[in-house]
Amino acid sequence: MTVMTAAAIEDFLDEVFPQRTGTIEGVDEMRATMSLAIEDEHLRPGASVSGPTLMGLADVCLYVAILAQIGPEPMAVTSDLHCRFLRRPRGDRDIIANARIHKLGRRLAVGEVQLFSAGDEAPVALVTATYVLPDSD
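Here goes a summary of the coordinates provided.

Thresholds applied
Residues numbered from 1 in each chain as written. Predicted model: local features only at pLDDT ≥ 70, side-chain atom pairs only at ≥ 80, totals over all residues. Heavy atoms only, no water. Helix = DSSP H or I, 4+ residues; strand = E, 2+ residues; numbered from the N terminus. Rg over C-alpha atoms; globule rule 2.2 N^0.38 Å. Buried < 20%, exposed > 50% of the residue type's maximum accessible area, 1.4 Å probe, protein only. Contact = heavy atoms within 4.5 Å. Areas by Shrake-Rupley, 256 points an atom, 1.4 Å probe, with all protein chains shown as cover. Lys, Arg positive; Asp, Glu negative; His and termini not counted. Charge placed at Lys NZ, Arg CZ, Asp CG, Glu CD. Polar contact = N/O pair within 3.5 Å; in protein donor to acceptor, adjacent residues only side chain to side chain.

**Some thoughts on the overall build of the protein chain**
Turning to step 1, where the next piece is worked out: Each helix and strand counted, the protein chain has 2 helices and 8 strands in total.
Turning to step 2, where the next piece is worked out: Walking the protein chain from its N terminus toward its C terminus, one meets helices and strands in the order α-β-β-β-β-α-β-β-β-β.
Turning to step 3, where the next piece is worked out: Compactness check: the protein chain gives a C-alpha radius of gyration of 14 Å against a globular reference of 14 Å for 137 residues, within 12% of the reference.
Turning to step 4, where the next piece is worked out: Counting only residues that meet the buried cut, the protein chain has 40% of its 137 residues in that class.
Turning to step 5, where the next piece is worked out: In the protein chain, the proportion of contacts linking residues at least 24 apart, taken out of those at least 6 apart, comes to 64%.
Turning to step 6, where the next piece is worked out: Here the protein chain displays about 7,200 Å² of accessible surface, and carbon together with sulfur accounts for 49% of that area.
Turning to step 7, where the next piece is worked out: For the protein chain, the centre of its 12 positive side-chain charges and the centre of its 20 negative side-chain charges are spaced 10 Å apart.

Below, the structure is given as structure tokens:
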């Protein structure tokens, strides 16, 4: 069961993390979906979306999925992030991120994020990441 809506998470992030990347499209049980409208600042030579852009969106998307489950927690932080680039992300399409939490414990959350060029079925990157959750006392 989610404890925060997408709108509530957007409001929370506006306050504590205004420099984040992307737009929340939805949250569900242990999942979140975000999108990023690609601009010139996101591109590398060859009109591909840059790796830092993809990793940043993935990181925020998993954070959103976690917030939907645990509530507003600014100190849930990334402790590990691994990105596998699978194919060229098209610079003329938005990027879609689909996050799924695999484990949500008292101290750690582990998940993965698949990133897609909008309209494509095959992912452009796969990110796995771990978040450290603060003590609840």
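**Topic: the environment of Asp 135**
Turning to step 1, where the next piece is worked out: One can find Asp 135 in the segment after strand S8 (125-132).
Turning to step 2, where the next piece is worked out: In this structure the side chain of Asp 135 is engaged in a polar contact, spanning 3.2 Å, whose partner is the side chain of Arg 107.

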